[in-house]
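Each chain, letter by letter, is given below.
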Amino acid sequence: MEQTLSIIKPDAVAKNVVGKIVDRFESNNLRIAAIKKLWLTSEDASRFYAVHEKRPFFKDLVKFMTSGPVVVLVLEGENAVAKNRELMGATNPKEAEKGTIRADFAESIDANAVHGSDSSENALTEIAFFFAKKELA
Ligand code: GDP
C-alpha cells in the first residue's frame, strides 16, 4: 500500500466542492488515512513549495495558496501517487482530460483545485510536513 499527499486548494474549498472531490478519491479505491482543514501562512506555503522558489510564478502561487483555507489529506491505496495524479488531470485545467478533477472543478493554472505528490519519495516528505505519525490511521 502506498500513501500520497493531496491538498484541496482554496478555490475548490471556496466553491464548496470538498465532498465531491473526496468522493473521486474514495470511488477510485483511495482510502483517507488522514484529513484536516487549515489556513496556510505565507511561511508554510513558501516552505511547502520551496522547489519552485526560483520560478516566475512562485509569488502568485504562495499568494493563492494562502488566499483561503485548504483541506489536506493523506490518501492510501495501490499506486496511490500515480492514481491520484491520474484523477487530478494536467496542471493546466484547459489541458486536463475530461472527467478529471481539474477539468471538472478548476478554472486556471493557478486556481487548479488540487495538489498531489509527484513521487512516493516526495509523498513521504509532504505527508510529514502536515501530519504527525499518530494522525495517520
Ligand atoms: P502540479 O504538480 O500539477 O501541481 O504542478 P507543479 O508542481 O509543476 O506546479 C505547482 C503548482 O504551481 C501548480 O499546481 C500550479 O498551481 C502552479 N503553477 C505551475 N505552473 C504555473 C505557471 O506557469 N503559472 C502559474 N501562475 N502557476 C503555475
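Residues numbered from 1 in each chain as written. Predicted model: local features only at pLDDT ≥ 70, side-chain atom pairs only at ≥ 80, totals over all residues. Heavy atoms only, no water.

Quick word on the overall build of the protein
For the protein, the helix and strand inventory stands at seven helices and four strands. In the protein, the succession of helices and strands from N to C terminus is β-α-α-β-α-α-β-α-α-β-α. Expected size for 137 residues packed as a compact globule is a radius of gyration near 14 Å; at 14 Å, the protein falls within 12% of this value. By its C-alpha atoms, the protein is 35 × 35 × 25 Å across when sized along the principal axes. Considering the protein as a whole, with its 137 residues, one finds that 45% of them fall into the buried category. The long-range fraction of contacts in the protein, counting pairs at least 24 apart against all pairs at least 6 apart in sequence, stands at 77%. (Helix = DSSP H or I, 4+ residues; strand = E, 2+ residues; numbered from the N terminus. Rg over C-alpha atoms; globule rule 2.2 N^0.38 Å. Buried < 20%, exposed > 50% of the residue type's maximum accessible area, 1.4 Å probe, protein only. Contact = heavy atoms within 4.5 Å.)

Digging into the packing of aromatic side chains
Here the structure, examined in full by the defined rule, presents four aromatic pairs. Both rings, one in phenylalanine 48 and one in phenylalanine 129, keep their centres 5.4 Å apart while their planes meet at 65°; by these two values the pair is edge-to-face. On the criterion of sequence distance, the pair formed by phenylalanine 48 in helix H3 (residues 42-48) and phenylalanine 129 in helix H7 (residues 120-130) is long-range, its members being 81 residues apart. What makes phenylalanine 48 buried here is its relative accessible area of 12%. Taken together, the ring pairs in this structure connect Phe48, Tyr49, Phe129 and Phe130 into an aromatic cluster. (Phe/Tyr/Trp six-rings, centres within 6.5 Å; stacked < 30°, edge-to-face > 60°.)

Notes on the site of the ligand
All residues in the neighbourhood of the ligand are listed as Lys9, His52, Phe57, Leu61, Arg85, Thr91, Arg102, Ile109, Asp110 and Asn112. For the ligand, a nitrogen atom lies 3.0 Å from a polar atom in the side chain of aspartate 110. Contact with the protein chains covers 79% of the free accessible surface of the ligand, which is 550 Å². (Near = heavy atom within 4 Å. Polar contact = N/O pair within 3.5 Å; in protein donor to acceptor, adjacent residues only side chain to side chain. Areas by Shrake-Rupley, 256 points an atom, 1.4 Å probe, with all protein chains shown as cover.)

Things to note about the pairing of strand S1 (residues 2-8)
In terms of residue burial, S1 counts as a mostly covered element, since five of its seven residues are buried. Bridge count between S1 and strand S4 (residues 114-116): three bridges; the pairing is antiparallel. Opposite isoleucine 7, over in S4, you have histidine 115 as the bridge partner. (Pairing = 2+ DSSP bridges.)

Some remarks on the sheet that holds S1
A sheet is described by the order of its strands in space; here four strands give the open sequence S2-S3-S1-S4, paired in antiparallel fashion. Two strands lie at the open edges of the sheet, namely strand S2 (31-38) and S4, each paired on one side alone. Across the sheet, the axes of successive neighbouring strands diverge by a mean angle of 20°, strand direction being ignored. In this sheet, strand S3 (residues 70-77) lies alongside S1 in antiparallel orientation, the contact comprising seven bridges. In the strand pairing of S3, isoleucine 7 is matched with valine 72. (Axes fitted to C-alpha atoms, helices over the stretch in contact; angles between N-to-C directions.)

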